[in-house]
Structure formats: structure tokens, C-alpha cells
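Okay, here's what each chain looks like letter by letter:
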Amino acid sequence: MTDIRAQTFEELEARFKAWGQPAYRLPQLLDSLYVHRVTDWDAMSNLPKALRSLLRENYALHCLELVRKQGSRDTTQKFLWRLHDNSLIDSVLIPANPALYGEASDRHTLCVSTQVGCAYGCKFCASGLEGWKRNLGVEEIVEQVLAVERERKAETAGEPRSASPEPAERVVSNLVIMGMGEPLANYDNLLKALRILNAPWGGGIGARKITISTSGLVPQIKKLADEPMQFRLAISLHGATDATRNKIMPVNKKYPLSELAAACEYYQQKKGRMITFEYILIAGVNDGLDQTKPLAALARRLHAKVNLIPYNQVEGLPWERPSDETQENFLKALEQQKVVATLRREKGHDIDAACGQLRLRTERELAQSGA
């Protein structure tokens, strides 16, 4: 059955009309799903029993099962979820920098997965080490936001994770679609999920607070540019020359930098928004100062901001993060070339917070135990 959280307002409205339900019932359902974040039909106490039975007979209501949670010293949290088919995915909740005087930030970014595994084989990434299994459904993308907010409410209130008569406080204010998988390879499901998460009746997260990342799928970047929604775009670049990207990112052989840059220019012409280059600094691979000149040239050409990310080491892979001095020198060299750049002083380095790390370690532990 179709999951109820994979449905748009218009789809549900048509079904409710076919059932002869009064118009006010649909907002009540959506309130249960997206404000109270219920996990079972019986918890929808604002709906009559007969309607709940109809919904149960026609829709699924799958919820993510928390398998493992890690919290780091900087309050970044990683959640490992089990899906209804026993596949595992992860999400990472990242707080903004603490406010002045040590007060906790009220702004959180959730890094969301879009696939089980990944087929694109970036050499430094944990997500694809066990291969690609499947795309996530619309509801599995949406449910990551709802499940994290339920968990945070349970943490603070000491309450069970199921439905509550009181609405949970909105925790997630920003989304980055940079978790496990290549987001634009699951284009249709992702876009429908983001429309639901953006809608005022759904997640209520502004389109400009949603960033979609891609390793460089040129046709889908152009397609995204033609969408009416004002989502932000981030390119997982990690190398500013074809020679460097070819070593670590197989996708570059299909869509080299010349084609990727042209697609980014098309996106900017359509959207008029700054693009972000995500650039993971890997010792001895792309962290030399000679790499800053082509990176700066590309960033200036595309009016892009560069987000430098020290490599999060993955068990079984040979790559290492550069020294702090190397990281700072790389940042300084970009800034001297008039590029807007930031260096992420790692949030989550102590909790397997890079894409797919916690899932990979858990799956290997389960395999060794025979579970």
C-alpha cells in the first residue's frame, strides 16, 4: 500500500472527496501526521473511528525504527534507522554554532539520506562500500525529519516516542540533502518529498532553507534548474581539475568539469542563487596549495562559495585528513584569491558522522555476530 506520508494535499483531498468526507477532516489528518507526528492510526484521536479504519485499509503508516544513536561533544547527533524491509540508513542532526554567552542554538540542520547505499563509488566515501540497494521512498525521506523530531522530544521530555497529545516543538529548521546516496539519482521521489516538507500543511520548511547536493549529475542539475521551487544547490566537488576528480569520483568520467560547470551556469541563470562547492580535504590528494588556483578560478567563474570539510576517516579506506595547519593554509590561499570560503571545524568527527559510516560499521558488526 502507498504510505500516507507519500501523498500530497491534492492526492489526499481527492481521496477524501471520493469517500464523502467533510472538508475539515483533511486538515485534521495532516495535523496528526505533521504537527503531532503520530506513529499509528489509533493515535489520531481527532478523527472518527470509521475514518481511521478507512485510512488503515487504504494506506500504510511505516515509521523508522531507531537502531542506534550517537551524540558528539559538540551536540551533533547521528541516528541510524531501520526501514520496513530491514535496510539501514542514517541521518545527522547538526546544530548551528552556539549563540553568544553559551546559549544553545535554536537552529538545527538535518542531513538526510535518499538511497540505501550508493552506486556512484566515490573512493573516499563509506556510503557505497557495500553497494547500492535501492532508492528511498517519498515517505522514507519525509519520515527522517519527523522521526528525528520525535526522538528529540522524547529526549527532552522523557516521554515515549509514540504519539503525544501535545505537538512537538519544531527542531529541524534547515535540510541538507547530503546523506547516504546520490540525491539526484532518486529525483522524482526526492522532489515529491521536498514539496511535502516545504508545504505549510507538511513540514513547513522554507525552500531556501533546503540544500540539495549532487556529485555532478548534469542532466538532473538542469532539470532542477527548471523547477519552480527555490532550493539551494551544492556540488560535491572535491577536486577542481578533471585529473583530481577522476582519481576519486568516477562520475567525473561521465560528466567532466566542463559539462558540470555549464550545468551550474544554467542553474544560476535560472535561479539567480549562489551555488556551494563542497570540498573534502584529503591528505595528499587534493589539499596541496597548487589545487587552490583552479578551485578559485572555478568558484569565481560560477560565483560559488567553497565549503572546506576535513576528511572524516573511514575504517578500511586509506585516506586521511590533513593537518590543521594544512587546512588553514588552504583556506587562507582561497581567501587571498578573493573566494568566499569557510572551513568546517568538524561537527561529528567523533561519532562516525560522515555519510554511511555508522550504517557500515553496524552492518559489519551484525554480519560478524550472525544477526
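Let us look at the structure shown here. These numbers were taken from a predicted model, which means no experiment stands behind them.

### Section: the sheet that holds strand β11 (residues 305–310)
As summarised here, the arrangement of the 10 strands in space is β1-β2-β3-β4-β7-β8-β9-β10-β11-β12, forming an open sheet in which the pairing is mixed. The strands lining the two open edges of the sheet, one partner per strand, are β1 (65–71) and β12 (341–343). Neighbour-to-neighbour, the strand axes of this sheet turn through a mean angle of 25 degrees, independent of strand direction. Bridge count between strand β10 (residues 276–281) and β11: six bridges; the pairing is parallel. In the strand pairing of β11, T276 is matched with K305.

### Re the environment of A240
The residue A240 is located in the loop between β9 (232–236) and α7 (242–248) in this model. Along the primary structure A240 and T292 are separated by 52 residues, whereas in three dimensions their C-alpha atoms are 8.1 Å apart. Non-local contacts of A240, meaning those with residues more than four positions away in its chain, are made with L257, Y279, Q291, P294 and L295.

### Quick word on the environment of R37
Position of R37 among the secondary structure elements: in the loop between α2 (25–34) and α3 (49–58). When the C-alpha atoms of R37 and L146 are compared, they prove to be 6.2 Å apart, with 109 residues separating the residues in sequence. In this structure the side chain of R37 is engaged in a polar contact, spanning 2.8 Å, whose partner is the side chain of E149.

### Brief notes about helix α6 (residues 218–225)
All of the buried residues in α6 are V218, I221, L224 and A225. Along α6, the residues classed as buried sweep out an arc of 120 degrees about the axis, all on the same side. Where α6 is buried, its residues contact α5 (187–198), β8 (210–214), β9 and α9 (257–271).

### Section: the nonpolar core
If you look at the biggest cluster of nonpolar residues, it comprises 100 residues, and the most contacted ones within it are L29, L175, F277 and V306. Other than its neighbours up to four places away in sequence, F277 contacts I235, L237, L295, L298, A299, L302, A304, K305, V306 and N307. Grouped together as the second largest cluster of nonpolar side chains are five residues, V92, C111, V176 and M178 included.

Conventions we followed
Residues numbered from 1 in each chain as written. Predicted model: local features only at pLDDT ≥ 70, side-chain atom pairs only at ≥ 80, totals over all residues. Heavy atoms only, no water. Pairing = 2+ DSSP bridges. Helix = DSSP H or I, 4+ residues; strand = E, 2+ residues; numbered from the N terminus. Axes fitted to C-alpha atoms, helices over the stretch in contact; angles between N-to-C directions. Contact = heavy atoms within 4.5 Å. Polar contact = N/O pair within 3.5 Å; in protein donor to acceptor, adjacent residues only side chain to side chain. Buried < 20%, exposed > 50% of the residue type's maximum accessible area, 1.4 Å probe, protein only. Arc of directions from axis to C-beta. Core = buried A, V, L, I, M, F, W, Y, C linked by side-chain atoms within 4.5 Å.

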